[in-house]
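Chain by chain, the residues:
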Amino acid sequence: MLTKFETKSNRVKGLSFHSKRPWILASLHSGVIQLWDYRMGTLIDRFDEHEGPVRGVHFHKSQPLFVSGGDDYKIKVWNYKLHRCLFTLLGHLDYIRTVQFHHECPWIVSASDDQTIRIWNWQSRTCISVLTGHNHYVMCASFHPKEDLVVSASLDQTVRVWDIGALRKKTVSPADDILRLSQMNADFFGGVDAVVKYVLEGHDRGVNWASFHPTLPLIVSGADDRQVKIWRMNDTKAWEVDTLRGHVNNVSCALFHARQDIIVSNSEDRSIRVWDATKRTGLHTFRREVDRFWILSVHPEINLLAAGHDSGMIVFKLERERPAFSVTGDSVFFVKDRFLRVYEYSTQKDAQLLTIRRPGSPGLNQGPRTLSYSPTENAVLICSDVDGGSYELYVIPKDSYGKSDTVHEAKKGSGASAVFVARNRFAVLEKSSNQVLVKNLKNEIVKKSVLPIATDAIFYAGTGNLLCRAEDRVVIFDLQQRNVGGDLQTPFVRYVVWSPDMASVALLSKHSIVIADKNLVHRCTLHETIRVKSGAWDDNGVFIYTTLTHIKYCLPNGDSGIIKTLDVPVYITKIYVNSIFCLDREGKNRPIIIDSTEYIFKLSLLGKRFDQVMSMIKNSELCGQAMIAYLQQKGFPQIALYFVKDERTRFNLALECGNIEKALESAKKIDEKDHWYRLGVEALRQGNAGIVEYAYQKTKNFERLSFHYLITGNLQKLSKMMRIAEVKNDVMGQFHDALYLGDIRERVKILENAGHLPLAYITASVHGLDDIAERIAAELGHDIPHLPKVSKPALLIPPNPVLCAGDWPLLMVVRGIFEGGLDDTAGGDNDDYEDAANADWGEGLDIVEVDKIQNGDISVLEDEHEDEENEAGGWDLEDLDLPPDADTPKTSSNSRSSVFVAPAPGMPVSQIWAQRSSLAAEHAAAGDFDTAMRLLSRQLGIRNFSPLKSLFIDLHMGSHTFLRAFSSAPVVSIAVERGWSESVSPNVRGPPALVFNFSQLDEQLKAGYKATTAGKLSEALRHFLTILHTIPLIVVEARREVDEVKELIIIVKEYVLGLKMELKRRELKDNPIRQQELAAYFSHCNLQLPHTRLALMNAMTVCYKAQNLSTAANFARRLLETNPSNENQARTARQVLQAAEKNMKDSVQLNYDFRNPFVVCGATYVPIYKGQRDVTCPYCSAHFVPSQQGQLCMVCDLSVVGSDASGLRCSPSQTR
């Protein structure tokens, strides 16, 4: 059984497949009806209007309807598009067991515990016939798929077949009035619309199910007597053909398979059984642990079944439908219906080659699973699951093309999988011994090789190489040298597809695709929600693959997309330009024409083949939001600009790629305040003063406009702004403009008019306007403010701008390939743009009469310019109409030219560092902390990055220097390169200078040793942990130094573990046993000799004081064996030895056996003796008990214990 989908729910009593969509209805004992998409594995909808269990449910063949019947005596017809019940049919007087739509007529048949079968017209919503005759519950009733028959099964131990031909005639061809009257009488007094044709008796107990064969005159039934019976019928009679025995409890359901000559039954004995309908023997049994089965359903079109049980349902297939095939050159060899066939792509001809023997043992999934072909020897290896895995070797005679009548003798053998690895050699996997046998064409063993991993399948990986698959990884194994050529962790791989040049490989799993190179170096991974079925490489290096529903592509960088939707699953064999050759599930070859424009376009973009990109844009219909989003995401907004018709999207893209002219065109058409504001911000960033001014005019943003005139030095227009503010009665705006202009008299006048006489007096006095000051003083009287004496008064005037008016100067560069060549609007618009290039935009603000108007009195201007407002726009002020000269801005010819395009920024040095290096330290120096963390996680299994945070920052800051250009500009960051010299070309970038080096660690190590000798254990631990945390971010040059770094990790790890144990021991005041154990373990850490002596002295002292004399004597002996230079240590050891020899006993038993070699767990501090299971830290290699798997390492405080890691990389020489 191949389970495709499984649900967990209440007991499932009814099931129905949709004929076209991948949907299944499940009716539950709880009263809920669920609608599932079994391909996506999602619940689409639920319907819960029934009260009590729903036992029957059925989809209509063509309408968006389904029918349900339940224990509430109701039949409900639902529309799944409207998500509601359309109507309810009432008439049954007891539980309804099954319901079914007729395949042609608007009928529903229902079976009920009221001992009747009813036929309903769902269009007129009436009951058109009641079939009576059963004398117990009717458990099921169904229409014949072609004829006017109904079969029913009842607990009265009979199966009945009813003829409803008269009912069809009455419904389909209404007669004249007299005949209709006689029919009405017949209906009233009991008609003969349906008559019993046969009563099938033979079951000893109640019959639960009966169903017709799709094409043959057969019926299958299942009953409480635990038997499945087959019945045959003709025009006059029906009889029992055979009985299938095997179930050990009531048979719930039995069906003929729609596409195979088999019967499927299920039972309350928790099993599904598959029977051969011809031989009438059992083929297979599938069991569940605790769930009884209640219902079966067969898909009307495809090879799928569903079964409902106590806790849900399963959708499954009985056999694989993928044909075994092998592609070689211009042909594909494949197996179809026990024949080996060949199909030539060039001629599109199909020919039979030879007959494959039928498997001897009956059963499912016995067909060929894989096929391997040797073109030079014209030999074929066919593998199947017969006898637990076997292969057959056929050598195809040269004259056998098209002559396949004779059965060729095959050389056979057992093996999980077999594949050709050379011209006349093939490899067979022997799973029991985990070795591969290399055989010749005589089926003789030539060589044996033990595989490096526990392998369950082998695939071809080039001449003499095998790709070995384990549960979670694949490796390439060289059969000659017997070594591993590549290793990659993957989900469980089902199929392997090599590119024609063997440079790339696609590893296909159930829901993912991993792309790697020939050495299994990972390139990208794709995840699919729908199952992946097959794939092949095209000539451009793009991987084309199929899922159940689509043909898709995968680019070398991992980008993917849909090429075509599929009605039925197909298996890709070969790709020729725009033709994909496939095998379908029937074993037929079919070419599918595809449009490859989209993925070729994206491939050209990735390869920076811009001439091809431009040609494709001009000649093909590439469009759509997905393509625009892709171009934006990949950093090509300037290309996306030429796909877009929507002005808002064009505006956003134009701003993104800095095309201010296109943005201006779109802003004019959109004409919304927000878009003008954003245009102004971008124009200001580019230094395009004219468009900034125009955008501020359109948004009526007078404050920004005044400030803009100030910083560009346009004082003439600034004075006009002050007049406008006066007319608009905007006092603050007018005062700011006067302040910007340095116009003292105007400021005094504004303050005076606003009633701020003290401020006006101070302003006039400070600036020496004595006549005005005296006049204001007279008005103030006695309230004249006192002014302090200032020795050196200074006039406050805004500074002169650095650059007066005009746009910023721009670099002139050659127009890019996408400029002009694709710009269909460039011609006319640019002429307009340049015509007014020298026009002074501000002349539109020439308000000569403003001075003569009183504040707020603007009626004169409104009358004067009423007609002009609709023509030119200008500023479009609410209270003031400006003259028509202020039109759209034009860039000056000296600053903007039709051949200008903003230069593409060069790649930052930090990005170059990150691209070239696979060393975490260099990524951290480049500021790419995220990638550095991912590298460390992959190489060393590091998960806790808190201790490394400050080191990352130090590396980044230390590899850059910072220059200050001038006060108003941001600080310039400059990358510092390692080993830089003046003689090196400026275009060649070296690796980053790093603040940490190996010699610093040497100093730290000496400091740690010194602190340990002095007994400053906390300080020593700090030194050693610093070394452990710094090593992942060290870079050395030579391979010899790499070995030294790895050796240093082991040294430091021993000290960290030992010191942590000793510090822990010192904390334990009231646990003498544990104190002795920790002291003993510390003495087994691999330390420098002086420190080992101190540890032994310490352990000896602790054990002696606790009267564990035997253990203390052991430490004393070990201490004396080191020949201690300190006489006090030697003397103490000898004294302890003498005292212990008098009484060689331990007062307490310790968890310590010095005779048995052990390592200490870094978390629990218990010994792990030789032969016991343990897990290690992938970075510091500290050992732990198995329960610590997945926990953070307590020694280095960085890595996850037991995680997979590739190993430390600290030198460029490791990656060459």
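The coordinates are above.
What you are looking at is a predicted structure, and each value in this text was computed from that prediction instead of being measured.

Assigned secondary structure in the protein consists of 30 helices and 61 strands. Buried residues in the protein amount to 51% of all 1216 residues.

This part is about helix 24 (residues 998-1013). One full turn of an α-helix is made of 3.6 residues, so residues set three or four places apart face in the same direction. End to end, helix 24 covers 23 Å across 16 residues, agreeing with the expected 22 Å (1.5 Å per residue, within 8%). What helix 24 keeps buried is the set Leu-1001, Leu-1005, Gly-1008, Tyr-1009, Ala-1011 and Thr-1012. Within helix 24, the buried residues cover an arc of 165° as seen down the axis, which keeps them to one side. Facing away from the buried surface of helix 24 by more than 90 degrees, the exposed residues are Glu-1003, Lys-1010 and Thr-1013. The inward-facing, buried residues of helix 24 contact helix 25 (1017-1030), helix 26 (1039-1067) and helix 28 (1089-1105).

Here 4 strands make up an open sheet; going across it, the order is 6-7-8-9 and the pairing antiparallel. Taken across any chain shown, the strands that pair with only one partner, and hence form the sheet edges, are strand 6 (54-59) and strand 9 (84-90). Averaged over all adjacent pairs, the angle separating strand axes in this sheet is 20°, with direction ignored.

Take the packing of helix 22 (residues 929-940) against helix 23 (residues 949-958) next. Two numbers describe how helix 22 lies on helix 23: the axes approach to 12 Å, and their chain directions differ by 130°. Between helix 22 and helix 23, the angle is such that the two are oblique. As for how helix 22 packs across helix 23, the hand of that crossing is right-handed. Note on element contacts: helix 23 touches helix 22 through Phe-952, Ile-953 and His-956, opposite Phe-929, Ala-932, Met-933 and Leu-936. Its residues assigned to classes, the contact of helix 22 with helix 23 shows 6 nonpolar, 1 polar and no charged.

With that settled, the discussion passes to the side chain of Thr-1030. Among the structural elements, Thr-1030 can be located in helix 25. Overall, the relative accessible area of 5% leaves Thr-1030 in the buried class. A distance of 2.5 Å separates a polar side-chain atom of Thr-1030 from the backbone oxygen of Thr-1026. Setting aside chain neighbours within four positions, we find Thr-1030 in contact with Leu-951, Phe-996 and Leu-1001.

Cut-offs and rules
- Residues numbered from 1 in each chain as written.
- Predicted model: local features only at pLDDT ≥ 70, side-chain atom pairs only at ≥ 80, totals over all residues.
- Heavy atoms only, no water.
- Helix = DSSP H or I, 4+ residues; strand = E, 2+ residues; numbered from the N terminus.
- Buried < 20%, exposed > 50% of the residue type's maximum accessible area, 1.4 Å probe, protein only.
- Expected span 1.5 Å × (residues − 1).
- Arc of directions from axis to C-beta.
- Contact = heavy atoms within 4.5 Å.
- Pairing = 2+ DSSP bridges.
- Axes fitted to C-alpha atoms, helices over the stretch in contact; angles between N-to-C directions.
- Parallel < 35°, antiparallel > 145°, perpendicular 65-115°, else oblique.
- Left-handed = near helix turned anticlockwise from the far one by under 90°.
- Nonpolar A, V, L, I, M, F, W, Y, C, P; charged D, E, K, R; others polar.
- Polar contact = N/O pair within 3.5 Å; in protein donor to acceptor, adjacent residues only side chain to side chain.

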